[in-house]
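Observations on the three-dimensional arrangement
Each chain is listed here by its residues.
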Amino acid sequence: MDILEGLNPAQREAAETTEGPLLILAGPGSGKTRVITHRMAYLVRVVGINPRRIMAVTFTNKAAREMRERLQVLLAGSVEHLSVGTFHAACAAILRRDGEALGLSPRYAIYDDEDQLGLIKRSLQDLGIDPKRYPPRSFQSAISSAKSQMITSAGFAQRARSYFEEVVSRVYRHYDTLLDQSQALDFDDLLMKASQLFQNHPDVLEKYQSRYLHLLIDEFQDTNITQYALAQQMAAKHRNICVVGDPDQSIYSWRNADLRNILNFERDYPEARVVFLEQNYRSTKTILEAAHQVVSVNRDRKENALWTDNEEGPPLRVVETFSESEESQFVVGEIDSLLRQGESRHMDCAVMYRTNAQSRALEEAFVRYGMPYQVIGGVRFYSRREIKDVIAYLKLIYNPWDSVSLARIVNVPPRGIGQKTMDELQQWAKGLGLPLYTALQRLAEDRSASPLGARSAQALAGFYSMMEELARQSREQGVVELLDNVLQASGYKEYTLEQPDGDDRWDNILELRGIAAQYQDLKPPEGLTLFLEGVSLFSDTDEMDEKKDLVTLITLHQAKGLEYPVVFIVGMEEGVLPHIRSFDDPAQMEEERRLCYVGMTRAKRRLYLVRSLRRSLMGGTNANPPSRFLKNIPAKLVQTTGLFGEEPKPAPRPKAGGVDLSAGDHVQHPRFGKGVVVSCTPVRDDQEVVVVFDGVGIKKLLLSLAQLTRRD
DNA sequence: GCCTCTGGATTTTTT
DNA sequence: ATCCAGAGGC
């Protein structure tokens, strides 16, 4: 059997070119994933490369998992030694193994951006910088951007030109010191330190270089300078580096992705073969043409020749609604009618939006109609307070120098250790030149050693001995028992349950416990290591369920790499898509355009572009003109529908349910009892009625379904 | 030290 | 609308 069977000539060329550098420029829907997996299968089966000598880097863990699964099928097993993962995960593992050469503890903590921001705030405090004048976030992004380009704090100080940059360099330096004291790395450090490790320790680099004969990098257009440096280091010996990307789908420049990488690749590897994948197998001609018209307006762009053999397909639908809720109603109603026609299942449909906040109105509509859906992203599981708290306990057990985790949970649940006590402890520790946790230890051993009050000292000593006991247990227990012990010893369970939304929070903790169970059987230090690494590097798309029959609600960014027969892009308005923040920067505006292109090219068969006349934002409501991107789509590809007709139309007196209501009417409901109508909004051929029920509260109901009767 | 209230800012996208 | 810091009462 031929592994390359069924590939078109360009795909075949890409898969067969196994020696030397290779750049694959792959348009949307061009079978990129297929090429990558077949290329790897070819390497193993035909060229005879041992899978453990191949490394593949993907953008998300989910992409990594999929690649592994597909290869499993192609190779019939034998993929367990293949290295597939994100840059971050790969670097985390490298540093865990060899980071000691840099003076890094193998138990280093990983700080996410919330932790990072906290540490920056502390830096500002230490340095006496006013966070009102200099927003902490501006330092966060400046430092992240520097680290993404391999610029250290010393390097930053050197090239600081403005006064602000000078301030940043001081914050950067202090922030790094604090990280160091905590034995912690932020996300950007994972990449930069790994690269520094390679740079300063050729013996370590040599080990990885010799092991990996072949390196493959997916989504190359979204890599930053530091990631490229890493790739170059790893590939320097064998020069078998294959990168795959599409400049038109570059949408992460705000995360410091740098399109120069693609240009640099051709400069650094002049002998590189370049393969263009230009046949699209995903979308209809109509969709592809429309998307092309949108993106080709960009000036900073290389033209390509994407084409498809697929049929014309139905026209795009551009739909104009009056309000956000009507927009959502339309989406749900339209999906419902596609379902009724037997054309699609829920899982064939996706709704995409620019900002997470937009998912709310949509969710309301889905809930009200009882249509099954899943939201990707939004309030992320691992950033929920209770989850971060519990993980902070585990992180502190694992690495007692982790000052961010210590500060987070030392008084959660409240145990009499307030800010003042912590300040005093800090002061005392600093005076002795001790890390916080060591000071805590000394205090616990001899209460009179510290200048702190007896009450505070007592509380701190209690906390210390609890943590020590947990740490002791962690040496012989699995992750699940450890978690249970933490919840028990800290009193976190009772603390959570007595909160107003305690039941939900507790459910989340139980879910975390379920995740921990996957690490339960590993022997003590390793289980905790991998669990903590897993939760730190987890991303939202990772949890997406593709098997359940649900409609997917997702941001345009997260939708990259996915495809659906039916796609709705909502909020096609100036200020939303393109986002208002891009208005004054042409480069950012081009990125918005690419983002729109990415969204459109997710669609296989039907594409809806929906906008609303009015949209609520931070309390107020405003009216946005239609997105400029709509104007670039040729009219012949589009069917436009306006649902609002003459807009602020007076509530037509409809007939649904034989009842006829307006604001102020008194009504009766079988379940909610007596109430008063607050408002009626026409919704397609129905009415949405808001009613305040006595003793029940406000409910939104659909007139046709609600069985309301009038009480005169 | 702990809890609640108020006013002010604040939202793009995420490994 | 929602989150956060700071003030003030217990």
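Refer to the structure presented above.
This text gives an overview of the structure that appears in the document. Within each chain, residues carry numbers counting from 1 in the order of the written sequence. Starting at A for chains and at 1 for ligands, labels are handed out in the order in which the entities are written. In keeping with the predicted nature of the model, local features appear solely for residues at pLDDT of at least 70, side-chain atom pairs appear and are counted solely at 80 or more, and the whole-chain, interface and lining totals rest on all residues. Note that the side-chain values use all heavy atoms of the structure and ignore hydrogens as well as water.

1. Side note on the environment of Leu 277
Keep this limit in mind: Counting from the N terminus, the helices are the DSSP runs of H or I reaching at least four residues and the strands are the DSSP runs of E reaching at least two. Only protein chains enter the area calculation, which uses a 1.4 Å probe; residues under 20% of their type maximum are buried, those over 50% are exposed, and those in between are partly exposed. Two residues form a contact once any of their heavy atoms are found within 4.5 Å.
Structurally, the position occupied by Leu 277 is in strand β8 (residues 273–277). Taking the relative accessible area as the measure of exposure, Leu 277 reaches 2% and is therefore buried. For the pair Leu 277 and Asn 8, spaced 269 residues apart in sequence, the C-alpha separation works out to 9.3 Å. Every residue in contact with Leu 277, bar those within four places of it in the chain, is listed here: Ala 10, Gln 11, Ile 24, Leu 25, Ala 26, Gly 27, Ser 30, Lys 32, Val 35 and Leu 306.

2. Re the sheet that holds strand β19 (residues 638–642)
What links the strands of a sheet is backbone hydrogen bonding, and the strands pair in either a parallel or an antiparallel sense. What counts, and what does not: Note: two strands are recorded as paired if DSSP finds a minimum of 2 bridges between them. Every axis in this analysis is a line fitted to C-alpha atoms, fitted for helices over the stretch in contact. Angles between the N-to-C directions lie between 0 and 180 degrees.
Strand order in this open sheet of 7 strands is β13-β14-β12-β15-β16-β11-β19, and the pairing throughout is parallel. Looking at which strands have only one partner, the edges of the open sheet turn out to be β13 (373–375) and β19. If you compare each strand with its neighbour and ignore which way they point, the axes differ by 20 degrees on average. Both strand β12 (residues 349–353) and strand β15 (residues 564–570) contribute to a ladder of 4 bridges, which runs parallel. Paired with Ala 350 across the two strands is Val 567, which belongs to β15. Packing against the sheet, helix α13 (residues 285–295) makes contact with β11 (316–321) and β16 (603–612), and its axis sits at approximately 50 degrees to β16.

3. Regarding the nonpolar core
Under the convention used in this document: We call a set of buried residues a nonpolar core when its members are Ala, Val, Leu, Ile, Met, Phe, Trp, Tyr or Cys and they connect through side-chain atoms within 4.5 Å of each other.
Core analysis: the biggest nonpolar cluster contains 53 residues, and Leu 394, Leu 425, Phe 463, Met 467 and Phe 531 have the highest contact counts within it. Broken down by element, the residue count for this core peaks at 10 residues, all from helix α20 (residues 454–474). The residues touching Leu 425, leaving out its near neighbours within four places in the chain, are Leu 436, Ala 439, Leu 440, Leu 443, Leu 452 and Leu 460. In this structure, Leu 306, Leu 556, Ala 559 and Val 598 belong to the second largest nonpolar core, which totals 38 residues.

4. Some thoughts on the environment of Glu 469
With respect to the secondary-structure elements, Glu 469 resides in helix α20. What makes Glu 469 partly exposed here is its relative accessible area of 34%. Between the C-alpha atoms of Glu 469 and Ile 397, which are 72 residues apart in sequence, the distance is 9.5 Å.

5. Re the pairing of strand β20 (residues 666–669)
Side chains of β20 alternate between two faces, with Val 667 and His 669 buried and His 666 and Gln 668 left unburied. The sheet contact formed by β20 and strand β24 (residues 709–710) spans 2 bridges and is antiparallel. Paired with Gln 668 across the two strands is Thr 709, which belongs to β24.

6. A few points about the side chain of Thr 226
For Thr 226, the position within the fold is in helix α11 (residues 225–235). When neighbours within four sequence positions are excluded, Thr 226 is seen to be in contact with Lys 147, Ser 148, Gln 149, Met 150, Leu 191 and Met 192.

7. Some remarks on the state of the cysteines
Inclusion rule: Any two cysteine sulfur atoms lying within 2.5 Å of each other are counted as a disulfide.
With the rule as written, the count across this model stands at 0 disulfides. The thiol of Cys 91 is unpaired, and the distance to the nearest cysteine sulfur, on Cys 242, comes to 19 Å. Looking at Cys 91, the relative accessible area reads 3%, which means it is buried.

No statement about biological role is implied by the geometric values presented.
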